[in-house]
Amino acid sequence: MFQRFRNFASLVLLMSFNVWGISQSAVDLRADSLRNLAMHASSPAESSDRWLELSKHYRKSNLDSSQTALTQAMRAAKLSGDKDRQQRCNMSQGALKWMLGDLEAAEQRYLEAIRYWSGKNDTIEVTRCLLNLGSVCQVGFKNKEAAKYLKKSLLLAQRAGQQLIAAQAAGSVAMVFFQMGEPDSVGKYSEIANQGFIALHDSANLARVHANLGFFYRDLGLSYEARQPYLQALEYLKGSDEIGLKGEIHDGIGILENKLGNFQEAIDHYLIAGECFQQLKWHKKIANINNTIGLAFKTLGRKSTAQAYFAEAYRLADSIENYPVAAGALSNLASLDREAGNFLLAAAKYKQAIRLELKAASPGDLYSNYLGLGLCNQAMGQVDSANHYLELAFSAARRSKNELQIADCHFQKAKQMLALRQHTNALAALDSAGHWYAQIRNAGGMRETYALRSQCHEALGDYLSALTDQRTASRWQDSMLVISANSQLLALEAKFWSEKKQHALEIARQNEALQAKEAERAQEAGAKLAAQRNLLVTALVLTLGFGIGIYWINLKRRRTQLHRKLAEMRMTALRAQMNPHFIFNALGSVQLLINTSAIREANLYLSKFAQLLRITLERSGAEDSTLQDEIDALKLYIDLEALRFKFRYEIELDPQIEADDIAFPTLLLQPIVENAVKHGLAPKQTEGLLHLQFRKVGDELLCTIQDNGVGRLGAKKRNLHPDDGHKSMGNQITQERLLLLQPVRSDRFKILDLSDADGNATGTLVEIRIPIQFM
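Residues numbered from 1 in each chain as written. Predicted model: local features only at pLDDT ≥ 70, side-chain atom pairs only at ≥ 80, totals over all residues. Heavy atoms only, no water.

Peer 1: Quick question: what am I supposed to make of the overall build of the protein chain here?
Peer 2: Of regular secondary structure, the protein chain possesses 31 helices and 7 strands. Expressed as a percentage of its 775 residues, the buried residues of the protein chain come to 44%. Sequence-distant contacts in the protein chain: of pairs separated by 6 or more residues, those separated by 24 or more amount to 62%. In the form shown here, the protein chain has an accessible surface area of approximately 40400 Å², with 54% of it arising from carbon and sulfur atoms. (Helix = DSSP H or I, 4+ residues; strand = E, 2+ residues; numbered from the N terminus. Buried < 20%, exposed > 50% of the residue type's maximum accessible area, 1.4 Å probe, protein only. Contact = heavy atoms within 4.5 Å. Areas by Shrake-Rupley, 256 points an atom, 1.4 Å probe, with all protein chains shown as cover.)

Printed below as a string of structure tokens:
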């Protein structure tokens, strides 16, 4: 499902690299100003800064000019002797290499920059370089490396308060997980990115997020759901100068409309995308979009227009040695010649397309070219050559495991055998074709297969079978008509809702304009009354200042009291968790093991007991640790108690939870677990079971501790601990700590008594809810 990518690399650039264009008139004015400042700078350092700024500016319109300005910036930086400036020029060189498709060179530049800034302990620059390096690896489909660099960039950015870099890194991580086929992680990191850009009011990056959402839906086959995010992305870009981003979004919408059968609408969007790419002089994208436009015109039957676009795509792709696009355009030109009956010319173009595909790093669509060659030779009566190329097409289809291509190969062989009057062999080939078409539910292929079967049976004199096959072909034809009608209906419905949404947005903009005018009138009226209110405002300000002072003093006093209370509770929790009674029992258990010569078990018990003591003492002074640390400490404690009271335990962790990344109040659950063991499971005559579960519920972590012991009422009736000398304060301590986490919530701690149908106690269930926070 997640392997059907079209130009994924450009989508990654769309998400994580803000280098798009602005209008040419504005570029020229800004460029002239920067060039003048650079040429008349008072020092090499200032000159380098201006040239570098000009280079970044030219990235939006002309990459050649950007490279020229960057060369000047690097030369001036070397004259200045400033290593930092030289390294920033090196990073810009990496960005240009990235945009030009030289990913290996870009990767080396960023690795060099990371080593330099790490040596200077410049966390911000390291974070930026990690973000760009991860995105470069992502474009090159190095998923593991990309995830490592981007996650590290996200973590550093969050710690440093760099909200923009954090949001960009989260968006790029989402793209990596999409590429790896992990939709849950895609949603998680996309939401982090979306919330970050909303907080920053960053409309360009919000457009990128929605464009990627449309891409996700489209690639998952949810075509109608994909339209609205794409349109929302364009809405965010209104009034923006992001020409490249606008081109990418229109290209994506064009692909979507093409899949929905709206070919003219697709062409309109492709043409807008082509204009955007033309302004930026992105030749690779221009060649690719011309080829795509040609295919759309061919579908509409406008073959002369399609031929012109294919020819231009081939010319441009061949000039920049983009062999896959050049081969695709040439193959499309050959297809037009073959359909026009120019078989010799078509065959020559197919052969040239194959040579170009083989020159590429990874050969692409060899199947279509071999098949086209076979059909040309078949039409020219060259049976041996036709069979040879059809077999090569067959081999290419099998290598790619493309079921539709395999079915088409069987069908073409059947047509060839029918032309040679080998009707029995043709029927066998049609059986194979029908099998593969049925596997992929291809109604058109099934109709053509049964129509050809009818011809074969008729030629063999089996008129009854021919009639049956013809009726089956008619049923498949009816099925195609129903599917087509439903698709058209859905397309009309989607178009209606899209237009309705656009109308609603237009009304909303008009309302905003009216509200702005009303606010302006209100402001004018307020200005007239301002002179009369000066004295009153002064008095209010003085009163407010006095009130704020009192409030600040009270707030400071309250904070001091809360910190003191938290420290006292921490010590109380420590005593409740590791009280002398538990230590005495633990040492008694060790003595018993030694007396019974169970030296190994005694050593194991002492080792775990020492670990638990160390963890408890070390963490009692910390407010938070990680959820994984809490689980590890609980395992040690429960293992010790299980040696004394003989019960089983289970710890269940929700797969969606990354325990190492979630903050958790230190040793919060240990008193609850101790109550469950000592008061619930210890007095139980049969084998006990303790079950701990951690689940994600919304934005909260739900922790449940359940035992099948005697229950709270049973423990009270047995008066199990009359000699403890103290009252267990575990529940009270835990409730107070939870109230400190979020004072407005009192439902974060629940204790439920479990019973069977007869009302007999079957254990106790404790539920604790904690707001999820990341470390």
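Peer 1: What's the story with the pattern of salt bridges in this structure? I'm lost.
Peer 2: Note that side chains of opposite charge can pair when their charged atoms are close. Across all of its chains, the model carries 24 salt bridges by this definition. In this structure, E235 and K238 form a salt bridge, with 3.6 Å as the shortest nitrogen-oxygen distance. Since its relative accessible area comes to 16%, E235 is described here as buried. E448 is the salt-bridge partner of R447, the closest N and O atoms lying 2.5 Å from each other. With relative accessibility at 34%, the residue E448 sits in the partly exposed group. (Salt bridge = Lys/Arg side-chain N within 4 Å of Asp/Glu carboxyl O.)

Peer 1: So what exactly am I meant to see when it comes to the packing of helix 20 (residues 383-400) against helix 21 (residues 403-419) here?
Peer 2: The description of two packed helices rests on the angle between their axes and on the distance between the axes. For the pair helix 20 and helix 21, interaxial distance at closest approach is 9 Å and the crossing angle is 165 degrees. Accordingly, the angle class assigned to the pair helix 20 and helix 21 is roughly antiparallel. For the pair helix 20 and helix 21, the crossing hand works out as left-handed. Touching V383, A386, N387, L390, E391, A393, F394, A397, R398 and S400 of helix 20 are Q405, I406, C409, H410, Q412, K413 and Q416, all from helix 21. Broken down by class, the residue content of the contact of helix 20 with helix 21 amounts to 8 nonpolar, 6 polar and 3 charged. (Axes fitted to C-alpha atoms, helices over the stretch in contact; angles between N-to-C directions. Parallel < 35°, antiparallel > 145°, perpendicular 65-115°, else oblique. Left-handed = near helix turned anticlockwise from the far one by under 90°. Nonpolar A, V, L, I, M, F, W, Y, C, P; charged D, E, K, R; others polar.)

Peer 1: Would you mind showing me how to read the sheet that holds strand 6 (residues 749-755) here?
Peer 2: Picture the strands of a sheet paired through backbone hydrogen bonds; they go either parallel or antiparallel. Read from one edge to the other, the open sheet built from 5 strands follows the order 2-4-5-7-6, with strand pairing classed as mixed. Taken across any chain shown, the strands that pair with only one partner, and hence form the sheet edges, are strand 2 (647-653) and strand 6. On average, each strand axis in the sheet is inclined to that of its neighbour by 15 degrees, with strand direction left out of account. With 8 bridges joining them, strand 5 (residues 700-707) and strand 7 (residues 761-771) adopt antiparallel strand pairing. When the bridges of strand 7 are listed, C703 appears paired with I768. Most of the contacts of helix 28 (residues 627-645) go to strand 2, to which it runs at about 170 degrees, and overall it touches strand 2, strand 4 (688-697) and strand 5. (Pairing = 2+ DSSP bridges.)

Peer 1: Which parts of the structure should I look at to understand the pairing of strand 5?
Peer 2: Every other side chain in a regular strand lies on the same face of the sheet, so the side chains alternate between the two faces. Among the 8 residues in strand 5, 7 count as buried, and that is most of the element. When strand 4 meets strand 5, the two strands line up antiparallel, connected through 8 bridges. Among the inter-strand pairings, V697 is bridged to a residue of strand 5, identified as E700. Joining the antiparallel neighbours strand 4 and strand 5 is a turn of 2 residues, in which G698 adopts a positive phi near 65 degrees.

Peer 1: Explain the environment of L345 here, please?
Peer 2: Position of L345 relative to the elements: it lies in helix 18 (residues 343-359). Judged by relative accessible area, which is 44%, L345 ranks as partly exposed. Sequence separation between L345 and L333 is 12 residues; the distance between their C-alpha atoms is 9.9 Å.

Peer 1: Looking at this structure, I do not really get the confidence of the model for the protein chain. What am I missing?
Peer 2: Low pLDDT marks regions whose predicted coordinates should not be analysed in detail. Counting all residues, the mean pLDDT for the protein chain is 78, and 83% of those residues have values of 70 or more. Contacts from residues 720-727, a stretch scored under 50 in pLDDT, to residues over four places away or in other chains number 7 contacts. (pLDDT = per-residue confidence, 0-100.)

Peer 1: Explain the packing of aromatic side chains to me, please; I cannot follow it from the model alone.
Peer 2: The relative placement of two aromatic rings is captured by the distance of their centres and the angle of their planes. Under the criterion given, the structure shown has 3 aromatic pairs. Judged by centre distance (5.6 Å) and plane angle (20 degrees), the ring pair of F297 and Y309 falls under stacked. Pair noted here: F297 is in helix 15 (residues 283-299) and Y309 is in helix 16 (residues 303-319), with a separation of 12 residues, a long-range link. Overall, the relative accessible area of 6% leaves F297 in the buried class. A relative accessible area of 23% means that Y309 is categorised as partly exposed. Above the ring of F277, the side-chain terminus of K285 is found at 5.7 Å from the ring centroid. (Phe/Tyr/Trp six-rings, centres within 6.5 Å; stacked < 30°, edge-to-face > 60°. Lys NZ or Arg CZ within 6 Å of the ring centre and 35° of its normal.)

Peer 1: Teacher, can you tell me more about the packing of helix 11 (residues 203-219) against helix 12 (residues 223-236) here?
Peer 2: Contact geometry for helix 11 and helix 12: axes closest at 8 Å, N-to-C directions at 165 degrees. Here helix 11 is positioned roughly antiparallel relative to helix 12, judged by the angle of their axes. Handedness of the crossing formed by helix 11 with helix 12: left-handed. Between helix 11 and helix 12, the contacting residues are S203, L206, A207, H210, A211, L213, G214, F215, Y217 and R218 on the first element and S223, E225, A226, P229, Y230, Q232, A233 and Y236 on the second.

Peer 1: Explain unusual backbone geometry here, please?
Peer 2: Leaving glycine aside, a negative phi is the common case for residues, and trans is the common case for peptide bonds. Backbone geometry places N121, a non-glycine residue, at a positive phi of 55 degrees. Within the element layout of this structure, N121 appears in the loop between helix 6 (103-119) and helix 7 (123-139). The phi dihedral of E321 is positive, around 60 degrees, even though this residue is not glycine. Examined against the element boundaries, E321 turns out to sit in the loop between helix 16 and helix 17 (323-339).

Peer 1: What is the right way to look at the environment of M175 in this model?
Peer 2: In this structure, M175 sits in helix 9 (residues 163-180). Measuring from C-alpha to C-alpha, the distance between M175 and S185 comes to 9.6 Å, with 10 residues separating the pair along the chain.

Peer 1: What's the story with a nonpolar patch on the surface in this structure? I'm lost.
Peer 2: A grouping of F546, I550, W552 and I553 is seen on the molecular surface, where their side chains present a nonpolar patch of about 450 Å² in accessible area. Among the structural elements, I550 can be located in helix 25 (residues 534-577). (Patch = residues over 30% accessible without salt bridge, like charges linked within 9 Å, V, L, I, M, F, W, Y side chains within 5 Å.)

Peer 1: Sorry, what's going on with helix 4 (residues 63-80) here?
Peer 2: One turn of the α-helix equals 3.6 residues, which is why residues spaced by three or four share an orientation. Counted at 1.5 Å a residue, the expected span for helix 4 with its 18 residues is 26 Å, and the 25 Å between its end C-alpha atoms agrees. By the burial criterion, the buried members of helix 4 are L63, S66, A69, L70, A73, A76 and A77. Across the axial projection of helix 4, the buried residues extend over an arc of 135 degrees, all falling on one side. Along helix 4, the residues that are exposed and aim more than 90 degrees away from the buried face are D64, T68, K78 and L79. Taken together, the buried residues of helix 4 touch helix 3 (44-58) and helix 5 (83-99). In the segment just after helix 4, G81 is the residue with positive phi, at about 75 degrees. (Expected span 1.5 Å × (residues − 1). Arc of directions from axis to C-beta.)

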